[in-house]
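# Breakdown of the fold
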Amino acid sequence: MHFLFNFGLVISVFITSSLIIFIVVFLLYFSLPLINSGHFLEFFTFRWEEQKNLFGLMPMILGTVYISVLATLFATIMSFSFASLMAFFLPKNISSFLNKFMLFLSGVPTVLYAFIAIFLLVPWLNDILDGNGFSILTASFVLSFVVLPTMTIILYNTFILTSKKAIFAAKSLGATKEDIFFELVLKQSKKGILSAIILGFARAVGDTMIALMIAGNTLKTPSSILDSARTLTSHIALINANDYESIAFKAIFLCGLLLLIFSFLTVISLKIINREEK
């Protein structure tokens, strides 16, 4: 039985590694013609106009950054509040219920968030923001609720793993719950908080449906959070090319390669944090 278990682990690792290598080779194969074309830097300009043979990806890169950063900011504020309340300031039965509710929310398809927002949030914001309902602000706010469960669960588990002995010692010295949380728990949870933010940001970058349905999908470079924008993921979903040899079609593989590089940097960042913690 022990041999079968180890054999299954080896097979799982082999299959996973093979898939990752296949994805990397696949994206590199279709991106190399653009990289070796001598016009690689032109793909990082600020205009995408197929009729004029302009294929700058910077509007999509900036749209991805703006929406993801703002969504992570919203989610960090909300998840920190939820996790701290669940860990120290609410009764255990309520905390247990909220923890299970967050686990449930983490499995809700993102298209449902976008669908509800289109009919409830966007019309309201159109009235308030003079027609700017489909914008970076709206997309990032809705996306924050997609990121929220993941960050809340990570932060909650980080907070409750604080040394029980240290907490009992602080209580014996007369420390209040507020003192223990702000002076003890937060100081011991810095790396866990940073990991939650990094993973939340990675989750926001990888989402497609929220940006596709709510961000407006304009190809112009956004100048404020009230502008419409297009992300790299939604750009991949929206490009329809009848000619598979066209530059517009091949550029979406470059978008995928950029997203893969970001995922790699995310994993490296988490490895560095965990190594420092050890």
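See the structure shown above.
The present account deals with the structure reproduced in this document.

Calculation criteria
- Residues numbered from 1 in each chain as written.
- Predicted model: local features only at pLDDT ≥ 70, side-chain atom pairs only at ≥ 80, totals over all residues.
- Heavy atoms only, no water.
- Core = buried A, V, L, I, M, F, W, Y, C linked by side-chain atoms within 4.5 Å.
- Buried < 20%, exposed > 50% of the residue type's maximum accessible area, 1.4 Å probe, protein only.
- Helix = DSSP H or I, 4+ residues; strand = E, 2+ residues; numbered from the N terminus.
- Contact = heavy atoms within 4.5 Å.
- Phe/Tyr/Trp six-rings, centres within 6.5 Å; stacked < 30°, edge-to-face > 60°.
- Axes fitted to C-alpha atoms, helices over the stretch in contact; angles between N-to-C directions.
- Parallel < 35°, antiparallel > 145°, perpendicular 65-115°, else oblique.
- Left-handed = near helix turned anticlockwise from the far one by under 90°.
- Nonpolar A, V, L, I, M, F, W, Y, C, P; charged D, E, K, R; others polar.
- Salt bridge = Lys/Arg side-chain N within 4 Å of Asp/Glu carboxyl O.

Grouped together as the largest cluster of nonpolar side chains are 28 residues, with contacts concentrated most on Y113, V142, L143, I210 and I214. Elements with a minimum of two residues in this core: α2 (58-89), α3 (92-105), α4 (110-128), α5 (136-160) and α9 (209-214). Looking at this core, the element that brings in the most residues is α5, giving nine residues. Excluding anything up to four places from it in sequence, L143 contacts I67, A71, A204, D207 and I210. With 22 residues, the next largest nonpolar core counts F55, L57, M58 and I239 among its residues.

With the rule as written, the count across this model stands at 14 aromatic pairs. Judged by centre distance (6.1 Å) and plane angle (25°), the ring pair of F22 and F26 falls under stacked. Here F22 and its partner F26 are both found in helix α1 (residues 2-35), four residues apart, which amounts to about one turn of the helix. Judged by its relative accessible area of 54%, F22 is exposed. Note on F26: relative accessible area 35%, which makes it partly exposed. Seen from their ring centres, F30 and F253 are 4.5 Å apart, and the 15° between their planes marks the pair as stacked. Pair noted here: F30 is in helix α1 and F253 is in helix α11 (residues 247-277), with a separation of 223 residues, a long-range link. An aromatic cluster of at least three residues, connected via ring pairs, comprises F22, F26, Y29, F30, F249 and F253.

Let us now look at the side chain of T72. Within the element layout of this structure, T72 appears in helix α2. Among all residues touching T72, those that are not within four sequence positions of it are I197, G200, F201 and A204.

A word on the packing of α4 against α5. It is at 10 Å that the axes of α4 and α5 come closest, and there the two elements cross at 140°. When the axes of α4 and α5 are compared, the pair comes out oblique. The hand of the α4/α5 crossing is right-handed. Contact with α4, carried on its side by T110, Y113, A114, A117, L121, V122 and L125, involves T138, F141, V142, F145 and V146 of α5 and no other residues of that element. Among the residues making up the contact of α4 with α5, the classes are represented as 10 nonpolar, two polar and no charged.

Attention shifts here to the packing of α2 against α5. Orientation of α2 relative to α5, taken along the N-to-C sense of each, is 35°, at an axis distance of 6 Å. As for the relative orientation of α2 and α5, their crossing is right-handed in sense. Across the contact of α2 with α5, the residue classes break down as 26 nonpolar, six polar and no charged.

With that out of the way, let us pick up the pattern of salt bridges. Scanning the entire structure with this criterion turns up three salt bridges. Between E49 and R47 there is a salt bridge, with its nearest N and O atoms 2.6 Å apart. Taking relative accessible area as the criterion, R47 reaches 41% and is therefore assigned partly exposed. Here D207 and R203 are joined by a salt bridge, their closest N and O atoms 3.9 Å apart.

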